[in-house]
Amino acid sequence: MKTQVAIIGAGPAGLLLGELLTKEGIDNIILEQRSADYVLGRIRAGVLESVTVDALDRVGVSQRLHQEGLPHDGIELVFEDMHHRIDFKKLIGKSVVVYGQTEVTRDLMAARQAKGTTTYYEATEVTLHNIKENDPYVTFMYQGQSMTIYCDFIAGCDGFHGVSRKSIPDNVIKEYERVYPFGWLGVLSDTKPVSDELIYSYTERGFSLCSQRSATRSRYYLQVPLTEKVENWSDERFWDELSQRLYPEAARHLETGESLEKSIAPLRSFVSEPLRYGHLFLAGDAAHIVPPTGAKGLNLAASDVLYLADAFIQHYVEKDATGIEEYSQKALKRIWGAERFSWYMTTLLHHFDQDDVFTDKMRRAEFMHLLNSEYAQLSLAENYVGLPY
Ligand code: APR
Ligand code: PHB
C-alpha cells in the first residue's frame, strides 16, 4: 500500500489530523492498535478552547458540539474558606466549551467513516522504518496478515506509550519530566452538576474538581495518594469525601448517585524535544503530557495537528517546506506555555505531603494575589481559554 501521510494512533490527534489532510485532498491512512469501541470507552477531560472548536469547525465536525456543548464563561476557584470566580468573558472576552473528549473522538470517527478514509483498527506490531531516509514505511500485523505502507511522512499521534517517540534515537531526543506525588480519582455519574460552572478547590484534605458533561451528567475528581487503589473507593466513600472538599453551600447542592465510571490517573508533566526526526513528526500525547489541572491535553493535541496539517498542506500544495522545517519549534512554543500553566494550576491547588510550611504560605500568598489583582486573574483567564495559536 502507498499513502502520503501514515498516521499512527486514532486518538483525537490522529483523527483530527486525518480530517484536516483529507479535506485538502492529502491521502492518509490511520493505524490504531485498539478497537474503535475501546478508544471510545476511555473517559478523558472535556474543556475545549476556541482553537479546538475552530479546528473542528474547519473540518465540518462540529454540528453536535455546537448543539450539545456547554459554553462556560468562567470557573470558580476555592482556597480553603475563600472563593473567587474568574470571569473569562469580562476579563478577556472569550470562553470555553464543555464537551467531552470522548464525544469529539466519536464525531471525528464518524466523519472519517462516512468518507470511507482508510483506518486499520486492531493493527498490532506497528513498526516504523527508514524514518531518517527518503523512503519511510510502516509495517504492522492486521487480522493475522503482515502489511506494509509506503509513505512520504509518518505522523506519530500514538499517545504517551506509543511506538513513534521510541523510534527516535536516544541521542537525538531530549525528555523533560515531572511526576507529581499524587493522582486523581475520577467519577462519572448521571447526576445534576453541583454548579453551573467548574469548581477547582484547594482544601486541607486535598484538591477536588467539580466538572460536568451535560445538565444531567457530572464528572468529579479527588486528589488521592499515588498508592491509592480504586477498589478502596465505594461510591459512598467518594461522595462523602467530595462533600468534605466543597464549601458548605456547594456541598448542600451535591447530588449523589451511582458511578458510571471510576478510575485513578497519575499526574505528570512531560515534554520531548524535538518533535521531528527525518520524516517522522510527533503530535499530541506522543510528544507531551500535561497534568489535567487546566484541561490542556486535548487542546494542545489540536494545536499541534493544526500546525502539522498546515505544514503538510504547504508542502504538497505550495511545494514549500518552511512549515515542515518550523513545525517543531512552533508547536513547542505553545506546548511549553501550556506546560507552565498546567504546572502552575497543579502546584497552586494541590496539597503536597512533603511541603514545608513556607511553601504552604507561598501557596496562600499566591491565592491572595489572585483574589486581589485583576492582572493576575487576567493572566489565569488568558491561559485557561487558550494561549494565542
Ligand atoms: N500502534 C498503533 N496505535 C497506538 C500505538 C501503537 N504502537 N500505541 C498507542 N496507540 C494508540 C492508542 O491506542 C490511542 O488510541 O494511539 C492513540 C493515542 O491517543 P491518545 O492517547 O488519546 O492521544 P492523543 O490523540 O494525542 O490525544 C491527546 O488525549 O490522552 C488524552 O490528555 C490527553 O486530552 C489529551 C488527548
Ligand atoms: C473534565 O471535565 O474531565 C475536566 C475538566 C477540567 C479539568 C480537567 C478535567 O481541568
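As a reminder, the structure under discussion sits directly above these lines.
None of the values given here were measured: they were computed from a predicted structure.

**Quick notes on the sheet that holds strand E6 (residues 82-87)**
Logical step 1: Spatially, the eight strands line up as an open sheet ordered E6-E5-E14-E15-E16-E13-E17-E20, and their pairing is mixed. Edge positions in the sheet fall to E6 and strand E20 (288-289), since each has one partner strand and no second.
Logical step 2: For strand E5 (residues 74-79) and E6, the ladder comprises six bridges, and the chain directions are antiparallel. Bridge assignment links Val78 to a residue of E6, and that residue is His83.
Logical step 3: Packed on one face of the sheet, helix H11 (residues 357-372) meets E5, E6 and strand E14 (198-202) and runs near 140° to E5.
Logical step 4: On the sheet, helix H12 (residues 374-384) packs against E5, E6 and E14 and is oriented at approximately 60° with respect to E6.

**A look at the packing of helix H1 (residues 12-23) against helix H9 (residues 297-317)**
Logical step 1: Between H1 and H9, the shortest axis-to-axis distance is 9 Å and the interhelical angle comes to 30°. As the angle between them shows, H1 and H9 are arranged roughly parallel. For H1 against H9, the interelement crossing comes out right-handed. Between H1 and H9, the contacting residues are Pro12, Ala13, Leu16, Leu17, Leu20 and Leu21 on the first element and Leu298, Ala301, Ala302, Val305, Leu306, Leu308, Ala309, Phe312 and Ile313 on the second.
Logical step 2: Residue classes in the contact of H1 with H9 are distributed as 15 nonpolar, no polar and no charged.

**Remarks on the pairing of strand E10 (residues 137-142)**
Logical step 1: Pairing of strand E9 (residues 124-129) with E10 involves four bridges; the strand directions are antiparallel. Considered in E10, the bridge of Leu128 is made with Val138.
Logical step 2: When E10 meets strand E11 (residues 145-150), the two strands line up antiparallel, connected through six bridges. Within the sheet, the bridge partner assigned to Met141 lies in E11 and is Ser146.
Logical step 3: Hairpin remark: E10 followed by E11, antiparallel, with two residues in the connecting loop; positive phi at Gln143, about 45°.

**Quick notes on the nonpolar core**
Logical step 1: Membership of the largest hydrophobic core comes to 76 residues, with the highest contact counts inside it found for Val5, Leu16, Leu17, Leu31, Leu48 and Phe312.
Logical step 2: When residues of this core are assigned to their parent elements, the largest contribution, 13 residues, is made by H9.
Logical step 3: Apart from residues lying up to four places away in sequence, Leu48 is in contact with Val53, Leu56, Leu65, Val96, Val97, Tyr99, Val104, Leu298 and Asn299.
Logical step 4: With 34 residues, the next largest nonpolar core counts Ile86, Tyr221, Phe352 and Phe367 among its residues.

**A look at the site of ligand 1**
Logical step 1: Neighbouring ligand 1 are 24 residues; Glu32, Arg42, Arg44, Gln101 and Asp285 lie closest to it.
Logical step 2: Here Leu298 contributes a backbone N or O atom positioned 2.9 Å from an oxygen atom of ligand 1.
Logical step 3: Contributing elements (two or more residues each) for the shell around ligand 1: H1 and H9.
Logical step 4: The biggest single contributor to the shell around ligand 1 is H9, with three residues.
Logical step 5: Its residues assigned to classes, the shell around ligand 1 comprises 10 nonpolar, eight polar and six charged.

**Section: unusual backbone geometry**
It is generally the case that most residues other than glycine have a negative phi and that most peptide bonds are trans.
Logical step 1: The peptide bond linking Glu273 to Pro274 adopts the cis configuration, its omega dihedral lying at -5°.
Logical step 2: Looking at where Pro274 falls in the secondary structure, it is placed in the loop between strand E17 (259-273) and strand E18 (276-277).
Logical step 3: Despite not being glycine, Glu122 has its phi angle at roughly 55°, a positive value.
Logical step 4: Structurally, Glu122 can be placed in the loop between strand E8 (119-120) and E9.
Logical step 5: Of note, Ala295 is a non-glycine position whose phi angle comes to about 55°, a positive value.
Logical step 6: Within the fold, Ala295 resides in the loop between E20 and H9.

**Some remarks on the side chain of Glu228**
Logical step 1: You can see Glu228 is positioned in the loop between strand E16 (217-225) and helix H7 (235-244).
Logical step 2: For the buried Glu228, no salt bridge is present, and the opposite-charge side chain at shortest range is Arg237, 4.0 Å distant.

**Thoughts on the site of ligand 2**
Logical step 1: Near ligand 2, the surroundings consist of 14 residues, among which Tyr200, Ser211, Arg213, Tyr221 and Pro292 are the closest.
Logical step 2: The contact in question runs from an oxygen atom of ligand 2 to an N or O atom on the side chain of Arg213, over 2.7 Å.
Logical step 3: A distance of 2.8 Å separates an oxygen atom of ligand 2 from a polar backbone atom of Pro292.
Logical step 4: Of all the secondary structure elements, the ones that give two or more residues to the shell around ligand 2 are E14, strand E15 (208-214) and E16.
Logical step 5: Tallying contributions element by element places E15 first for the shell around ligand 2, with three residues.

The rules behind the values
- Residues numbered from 1 in each chain as written.
- Chains lettered and ligands numbered in written order.
- Predicted model: local features only at pLDDT ≥ 70, side-chain atom pairs only at ≥ 80, totals over all residues.
- Heavy atoms only, no water.
- Pairing = 2+ DSSP bridges.
- Helix = DSSP H or I, 4+ residues; strand = E, 2+ residues; numbered from the N terminus.
- Contact = heavy atoms within 4.5 Å.
- Axes fitted to C-alpha atoms, helices over the stretch in contact; angles between N-to-C directions.
- Parallel < 35°, antiparallel > 145°, perpendicular 65-115°, else oblique.
- Left-handed = near helix turned anticlockwise from the far one by under 90°.
- Nonpolar A, V, L, I, M, F, W, Y, C, P; charged D, E, K, R; others polar.
- Core = buried A, V, L, I, M, F, W, Y, C linked by side-chain atoms within 4.5 Å.
- Buried < 20%, exposed > 50% of the residue type's maximum accessible area, 1.4 Å probe, protein only.
- Near = heavy atom within 4 Å.
- Polar contact = N/O pair within 3.5 Å; in protein donor to acceptor, adjacent residues only side chain to side chain.
- Lys, Arg positive; Asp, Glu negative; His and termini not counted.
- Salt bridge = Lys/Arg side-chain N within 4 Å of Asp/Glu carboxyl O.

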